[in-house]
Amino acid sequence: MEKQKPIGIFDSGVGGLSICHAIRRALPEENLVYFADIGFSPYGVKSKDIINERSEYIVSFLINQGCKAVVVACNTATVNTISNLRAKFSIPIIGVEPGIKPAALQSKTGIISVLATEQTLESDSFQRLMAKYSKAVKINAIACPKFVTLVENLEHYSEQAVDVAEQYIRPLLTEGSDQIILGCTHFSFLRTIIDQVVGQEANVIDTAAPVAMEVNRRLDKLNLLNSKNTDIYAEFWTSGDYAKVIEPMSQLWGQDIHLFAIRA
Ligand code: DGL
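This one's a predicted model, so the numbers in the text were calculated from it and none came from an experiment.

Participant: Whenever I open this one, the overall build of the chain confuses me. Can you help?
Facilitator: Regarding its fold elements, the chain presents 11 helices and 10 strands. In terms of overall dimensions, the chain is globule-like: its C-alpha atoms have a radius of gyration of 18 Å, near the 18 Å expected for 264 residues. Across its three principal directions, the C-alpha atoms of the chain cover 55 × 40 × 35 Å. With 264 residues in all, the chain has 54% of them scored as buried. Residue pairs in contact within the chain that sit at least 24 positions apart in sequence constitute 74% of those at least 6 positions apart. Carbon and sulfur atoms form 51% of the exposed surface of the chain, whose accessible area is close to 11,900 Å².

And the structure:
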């Protein structure tokens, strides 16, 4: 039965697990297959062509694993490749992009900031999104590659993480930003530290829960939601080195996982 098939989810690394958590919370009866493309991470500094090639490969892989839909749990891959993926594959493909719209609507100071990867900020799709809202609000967009490394290295609660968050975010607050957008799925895992730096000065916008709601809507519309599932599972794949990946993936998922490493 189509409904019983799993949802495929992928990211360059462990960041997309933040979207996995949101999907598990919103749709607890869905089975999940997660692919962390750690052999080719970070995507944030790769060319659009490489990101596209990797995304196509992974979507094909997830379809071969029997997935009924794929969630691109990576802003960088979404803004650079989602139109191509949707043109190439017939299953539903849901992406994640920086929450500029809700931030612009909620801003009182008229200044908002996006934290993302270099390749997200440079993409045409992100530039169009900025252009659409930059008449209404001033948008600061900054690349935060150190955040990605901190999360991949499980240093997201470290002193160093606090220092890096201060360096990236303090100038934005000083300038009057009252909305800080997490435009990379890795950054959700830094939420405690980001909240600590931001305090009451701004609102932090994370799109993980809205993405899970969108997955719910899309599957419901296509009559693909799984219900009465008696064998709920989450399965994890990586193009990285098993010995290096098992610990961060298990910790960030919050329990022991079944991890399969493949040469991909
Ligand atoms: N987690 C990814 C994103 O949402 C990208 C991190 C990276 O590989 O640079 O953009």
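Participant: What is the right way to look at the site of the ligand in this model?
Facilitator: In the neighbourhood of the ligand, 13 residues make up the surrounding shell, with Ser12, Tyr43, Asn75, Thr76 and His186 lying closest. In the model, an oxygen atom of the ligand is placed 2.8 Å from a nitrogen or oxygen of the Asn75 main chain. Burial of the ligand by the protein amounts to 99% of the accessible area it has alone, namely 300 Å². Looking at side-chain class alone, the shell around the ligand contains five nonpolar, seven polar and one charged residues.

Participant: Just checking my understanding: could you explain the packing of helix 8 (residues 159-174) against helix 9 (residues 191-198) for this structure?
Facilitator: Helix-helix packing is characterised by the crossing angle of the two axes and by the distance between the axes. Running from N to C, helix 8 and helix 9 point in directions that differ by 45°, and their axes come no closer than 9 Å. Classified by the angle their axes make, helix 8 and helix 9 are oblique. The two elements helix 8 and helix 9 meet at a crossing, and its hand is right-handed. Residue-level contacts link Ala161, Val162, Ala165, Glu166, Ile169, Arg170 and Leu173 of helix 8 to Ile193, Ile194, Gln196, Val197 and Val198 of helix 9.

Participant: What is the right way to read helix 11 (residues 242-253) from this model?
Facilitator: A turn of α-helix holds 3.6 residues, and therefore any two residues three or four places apart point the same way. Along its 12 residues, helix 11 runs 16 Å from first to last C-alpha, staying within 8% of the 16 Å computed at 1.5 Å per residue. Residues of helix 11 that are buried: Val245, Pro248, Met249, Ser250, Leu252 and Trp253. Tucked inside the fold, the buried residues of helix 11 contact helix 1 (17-26), strand 2 (32-36), helix 7 (145-152), strand 9 (234-238) and strand 10 (259-261). One or two residues past the end of helix 11 sits Gly254, with phi positive at roughly 95°.

Participant: Would you mind showing me how to read the nonpolar core here?
Facilitator: Burial of nonpolar side chains together is a common tendency in soluble globular proteins. Counting residues in each nonpolar core, the largest one holds 56 residues, and the members touching the most others are Leu17, Ile23, Phe147, Ile169 and Met249. With residues up to four places along the chain from it excluded, the contact list for Phe147 reads Leu115, Val164, Ala165, Tyr168, Ile169, Phe187, Leu190 and Ile194.

Participant: In this structure, what is going on with unusual backbone geometry? I would like to understand it.
Facilitator: Generally, phi is negative for residues other than glycine and the peptide bonds are trans, each holding for most cases. In this model, Ser41 is joined to Pro42 through a cis peptide bond whose omega is -5°. Along the chain, Pro42 turns up in the loop between strand 2 and helix 2 (48-64). Phi is positive for Lys228, close to 55°, though the residue is something other than glycine. Looking at the secondary structure, you find Lys228 in the loop between helix 10 (208-221) and strand 9. In this structure Lys228 comes out as exposed when scored by relative accessible area, which is 75%.

Participant: What's the story with helix 7 in this structure? I'm lost.
Facilitator: The set of residues buried in helix 7 consists of Phe147, Val148, Leu150, Val151 and Glu152. Buried positions along helix 7 lie against strand 5 (111-116), helix 8, helix 9 and helix 11. Two residues or fewer past helix 7, Leu154 is found with a positive phi of approximately 55°.

Participant: Sorry, what's going on with the pairing of strand 7 (residues 179-182) here?
Facilitator: For a regular strand, the rule is simple: side chains alternate between the two faces of the sheet. Along strand 7, one buried face is formed by Gln179 and Ile181 and the opposite face, lined by Ile180 and Leu182, is buried too. Judged from the four bridges that link them, strand 5 and strand 7 form a sheet pairing that is parallel. Within strand 7, the residue paired with Ser113 across the bridge is Ile180. Sheet analysis places strand 7 next to strand 8 (residues 203-206), joined by four bridges and oriented parallel. Residue pairing across strands places Leu182 opposite Asp206, the latter belonging to strand 8. With respect to chirality, the unit in which strand 7 leads through helix 9 into the neighbouring parallel strand 8 is right-handed.

Calculation criteria
- Residues numbered from 1 in each chain as written.
- Predicted model: local features only at pLDDT ≥ 70, side-chain atom pairs only at ≥ 80, totals over all residues.
- Heavy atoms only, no water.
- Helix = DSSP H or I, 4+ residues; strand = E, 2+ residues; numbered from the N terminus.
- Rg over C-alpha atoms; globule rule 2.2 N^0.38 Å.
- Buried < 20%, exposed > 50% of the residue type's maximum accessible area, 1.4 Å probe, protein only.
- Contact = heavy atoms within 4.5 Å.
- Areas by Shrake-Rupley, 256 points an atom, 1.4 Å probe, with all protein chains shown as cover.
- Near = heavy atom within 4 Å.
- Polar contact = N/O pair within 3.5 Å; in protein donor to acceptor, adjacent residues only side chain to side chain.
- Nonpolar A, V, L, I, M, F, W, Y, C, P; charged D, E, K, R; others polar.
- Axes fitted to C-alpha atoms, helices over the stretch in contact; angles between N-to-C directions.
- Parallel < 35°, antiparallel > 145°, perpendicular 65-115°, else oblique.
- Left-handed = near helix turned anticlockwise from the far one by under 90°.
- Expected span 1.5 Å × (residues − 1).
- Core = buried A, V, L, I, M, F, W, Y, C linked by side-chain atoms within 4.5 Å.
- Pairing = 2+ DSSP bridges.
- Right-handed = clockwise from strand over helix to strand, strands pointing away.

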